[in-house]
Every structure is written in structure tokens, then in C-alpha cells.
Amino acid sequence: GKDGSSNTDDDNDAESFGYRTVFAFKSSKTKPAKPTGGHWDVTTNVVAYPVGWSTGDNLEKPVWMSNATFDHEGIVQDWTDPFEVSGSDGKDGDDG
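Described in the following lines is the structure provided in the data block. (Residues numbered from 1 in each chain as written. Predicted model: local features only at pLDDT ≥ 70, side-chain atom pairs only at ≥ 80, totals over all residues. Heavy atoms only, no water.)

### Remarks on the overall build of the chain
Part 1: Looking only at helices and strands, the chain has one helix and six strands in total.
Part 2: When its helices and strands are written in sequence order, the chain yields α-β-β-β-β-β-β.
Part 3: When the 96 residues of the chain are sorted by exposure, 28% land in the buried category.
Part 4: For the chain, restricting intrachain contacts to residue pairs at least 6 apart in sequence, the fraction spanning at least 24 positions comes to 62%.
Part 5: As displayed, the chain offers around 6700 Å² of accessible surface, 45% of which is attributable to carbon and sulfur atoms. (Helix = DSSP H or I, 4+ residues; strand = E, 2+ residues; numbered from the N terminus. Buried < 20%, exposed > 50% of the residue type's maximum accessible area, 1.4 Å probe, protein only. Contact = heavy atoms within 4.5 Å. Areas by Shrake-Rupley, 256 points an atom, 1.4 Å probe, with all protein chains shown as cover.)

### Focus on the packing of aromatic side chains
Part 1: Using the criterion set out here, one finds one aromatic pair in the structure.
Part 2: Seen in terms of ring centroids, Phe70 and Trp79 are 6.0 Å apart; in terms of plane orientation they differ by 75°. Their pairing is edge-to-face.
Part 3: Owing to a relative accessible area of 1%, Phe70 belongs among the buried residues under this scheme.
Part 4: Among the residues examined, Trp79 registers a relative accessible area of 2% and is labelled buried. (Phe/Tyr/Trp six-rings, centres within 6.5 Å; stacked < 30°, edge-to-face > 60°.)

### Examining the side chain of Ser66
Part 1: With respect to the element layout, Ser66 can be found in strand E4 (residues 63-71).
Part 2: A distance of 2.6 Å separates the side chain of Ser66 from the backbone oxygen of Thr80, its partner in a polar contact.
Part 3: Contact partners of Ser66, with chain neighbours within four places excluded, come to Val22, Phe23, Ala24, Pro35, Trp53, Trp79, Thr80 and Pro82. (Polar contact = N/O pair within 3.5 Å; in protein donor to acceptor, adjacent residues only side chain to side chain.)

### Things to note about unusual backbone geometry
Part 1: The amide bond that connects Lys61 to the next residue, Pro62, takes the cis arrangement and shows omega of -5°.
Part 2: Within the fold, Pro62 resides in the loop between strand E3 (46-48) and E4.
Part 3: With a phi close to 60°, Asn45 is a non-glycine residue in the positive phi region.
Part 4: Accessibility expressed as a relative area gives 45% for Asn45, which makes it partly exposed.

### Digging into the nonpolar core
Nonpolar side chains tend toward joint burial in soluble globular proteins.
Part 1: Ranked by size, the top nonpolar core spans nine residues in total: Val22, Ala24, Trp40, Val42, Val47, Trp53, Ala68, Phe70 and Trp79.
Part 2: Elements that contribute at least two residues to this core include exactly strand E1 (20-27) and E4.
Part 3: Residue contacts for Val47: discarding those within four places in its chain leaves Arg20, Val22, His39 and Trp40. (Core = buried A, V, L, I, M, F, W, Y, C linked by side-chain atoms within 4.5 Å.)

### Remarks on the side chain of Thr69
Part 1: Mapped onto the fold, Thr69 is located in strand E4.
Part 2: In this structure, Thr69 is in contact with Tyr19, Arg20, Thr21, Gly74, Ile75, Val76 and Gln77, ignoring residues within four places of it in sequence.

### Notes on the environment of Thr69
Part 1: With a relative accessible area of 11%, Thr69 lands in the buried category.
Part 2: The spacing of Thr69 and Val22 is 47 residues in sequence and 6.1 Å in space, taken between C-alpha atoms.

### Here's the deal with the environment of Asp78
Part 1: Within the secondary structure, Asp78 sits in the loop between strand E5 (74-77) and strand E6 (83-84).
Part 2: By relative accessible area, which is 47% here, Asp78 ends up partly exposed.
Part 3: For the pair Asp78 and Asn67, spaced eleven residues apart in the sequence, the C-alpha separation amounts to 7.9 Å.
Part 4: Ignoring any residue separated from it by four or fewer positions in sequence, one finds Asp78 in contact with Lys34, Asn67 and Ala68.

Taken by themselves, the reported measurements are silent on function.
Here it is in C-alpha cells:
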């Protein structure tokens, strides 16, 4: 519990669950709109990403990122304005 005693169902308040910052990624040739929605299930620790956004695995460049902070009731810090996290391809080097 909060005071060091054993946990009981009465301890399941916002302080017990805490917060989670979620990072979402999207592939888009142009800057996408700020994501909306999403959900964090504190019991299973599973995130439902906003439509069109994901964990970022296997995305084609350019890749954009946004993040939001959740608690057990929903979003407590709205999604940030997306920003590009993938650099453009560089120039080929000289042959050796």
C-alpha cells in the first residue's frame, strides 16, 4: 500500500496506477495531423494506438512521432505535434 502496508483493493486509485508516456509513430510523406484518441489499459499494460499510428516497427521513411501521457482514466497530457524522427538518405560515399 501507499504507507508500506500490504496492498488492498482500496489502494487502487490514481496514485497506485501512475502514468505512462506513450510514443506513437506514423509513416507519411508530409507532416500528419496530431493523433487523437488511444488508450492505455493499466491492468494489462496494453496500449491501443490512435488510428493510423503504431509502435513504429517496419515503417517506411519518412517516419513521424508523437507522444501523450495517460493515467488509468485516459489522456492527461495530449498528443504532441508530430515531428520527423527519420533522417533523409545521405549521399553515397566514394568507392574504395
